[in-house]
Amino acid sequence: STPVIGGHSGNTIVPVISQCVPNISLPYYERDEVVRRIQNAGTEVVDAKAGQGSATLSMAYAAYRFINSLLEAGAGRKGVVECAFVDSNETTAPYFSTPLLLGPEGVERNYGLGSMTSYEADLVKQAIPEINANIQKGIKFAAAFKVE
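Rules used in this analysis
- Residues numbered from 1 in each chain as written.
- Predicted model: local features only at pLDDT ≥ 70, side-chain atom pairs only at ≥ 80, totals over all residues.
- Heavy atoms only, no water.
- Helix = DSSP H or I, 4+ residues; strand = E, 2+ residues; numbered from the N terminus.
- Contact = heavy atoms within 4.5 Å.
- Areas by Shrake-Rupley, 256 points an atom, 1.4 Å probe, with all protein chains shown as cover.
- Lys, Arg positive; Asp, Glu negative; His and termini not counted.
- Charge placed at Lys NZ, Arg CZ, Asp CG, Glu CD.
- Phe/Tyr/Trp six-rings, centres within 6.5 Å; stacked < 30°, edge-to-face > 60°.
- Lys NZ or Arg CZ within 6 Å of the ring centre and 35° of its normal.
- Buried < 20%, exposed > 50% of the residue type's maximum accessible area, 1.4 Å probe, protein only.
- Polar contact = N/O pair within 3.5 Å; in protein donor to acceptor, adjacent residues only side chain to side chain.
- Core = buried A, V, L, I, M, F, W, Y, C linked by side-chain atoms within 4.5 Å.

K.L.:
Looking at this model, I keep getting lost on the overall build of the protein. Mind explaining?
P.N.:
Helices and strands together make up the secondary structure of the protein, namely four helices and five strands. Listing the helices and strands of the protein from first to last along the sequence gives β-β-α-α-α-β-β-β-α. Considered along the principal axes of its C-alpha atoms, the protein spans approximately 50 × 40 × 30 Å. Sequence separation of at least 24 residues holds for 46% of the intrachain contacts in the protein that already meet a minimum separation of 6. Accessible surface, the protein: about 9700 Å² in total, of which carbon and sulfur atoms supply 58%. Considering the protein, the positive charge centre built from 12 side chains and the negative charge centre built from 15 side chains are found 3 Å apart.

K.L.:
Which parts of the structure should I look at to understand the packing of aromatic side chains?
P.N.:
Aromatic rings in a pair are described by how distant their centres are and how their planes are angled relative to each other. Evaluated as defined, the whole model comprises four aromatic pairs. Seen from their ring centres, Tyr-61 and Tyr-64 are 6.0 Å apart, and the 40° between their planes marks the pair as tilted. Pair noted here: Tyr-61 and Tyr-64 are both in helix α3 (residues 56-74), with a separation of three residues, about one helical turn. Geometry around Tyr-119 places Arg-31 over its ring, the cationic atom sitting 3.4 Å from the centre.

K.L.:
Explain the side chain of Glu-82 here, please?
P.N.:
Within the secondary structure layout, Glu-82 lies in strand β3 (residues 80-87). Among the residues examined, Glu-82 registers a relative accessible area of 11% and is labelled buried. Within the local environment of Glu-82, its side chain forms a polar contact with the side chain of Arg-65, the two groups lying 3.0 Å apart. In this structure, Glu-82 is in contact with Arg-65, Phe-66, Ser-69, Thr-98, Pro-99, Leu-100 and Leu-102, ignoring residues within four places of it in sequence.

K.L.:
I would appreciate a short explanation of the nonpolar core in the present structure.
P.N.:
Within the largest apolar cluster, 14 residues are counted, with the highest numbers of intra-cluster contacts made by Ile-5, Val-14, Ala-93, Phe-96, Val-124, Ile-128 and Ile-131. No other element matches the six residues that helix α4 (residues 118-144) contributes to this core. When sequence neighbours within four positions are dropped, the list of residues in contact with Ile-5 reads Thr-12, Ile-13, Val-14, Val-16, Phe-96, Ser-97, Thr-98, Pro-99, Leu-113, Met-116 and Val-124. Core analysis: the next-biggest nonpolar cluster, separate from the first, contains five residues, Val-80, Ala-84, Leu-100 and Leu-102 among them.

And the structure:
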């Protein structure tokens, strides 16, 4: 598996291939293509459906997997790790997705960014402005939200 850190869309999605288990090594031209495809996977699904749908099934599976991991960790299973967008001090963004160790009380440990290549660190640096803009949009939306 490969940790995917950062945000939720486009270039804010940062696959950390250097932390892949089992370890893989890709020539730069293949690495760039893999990163681009991961970053644009949702768009790729919509395009494959000729604009007649969305990547809802992918999001549903991700939600299922995360909830299942929360339930397993809550039941006492050790070593449950998932990436999630949480309050964070890892970057200048107030929220950031990183690998988290889950336990009975929720997040037991934020593993942070970990060791990255300079290429991956550059991807994180490039993602921060858009992540911060997305966070501000979310805060503004939440502040204006009213239940009627």
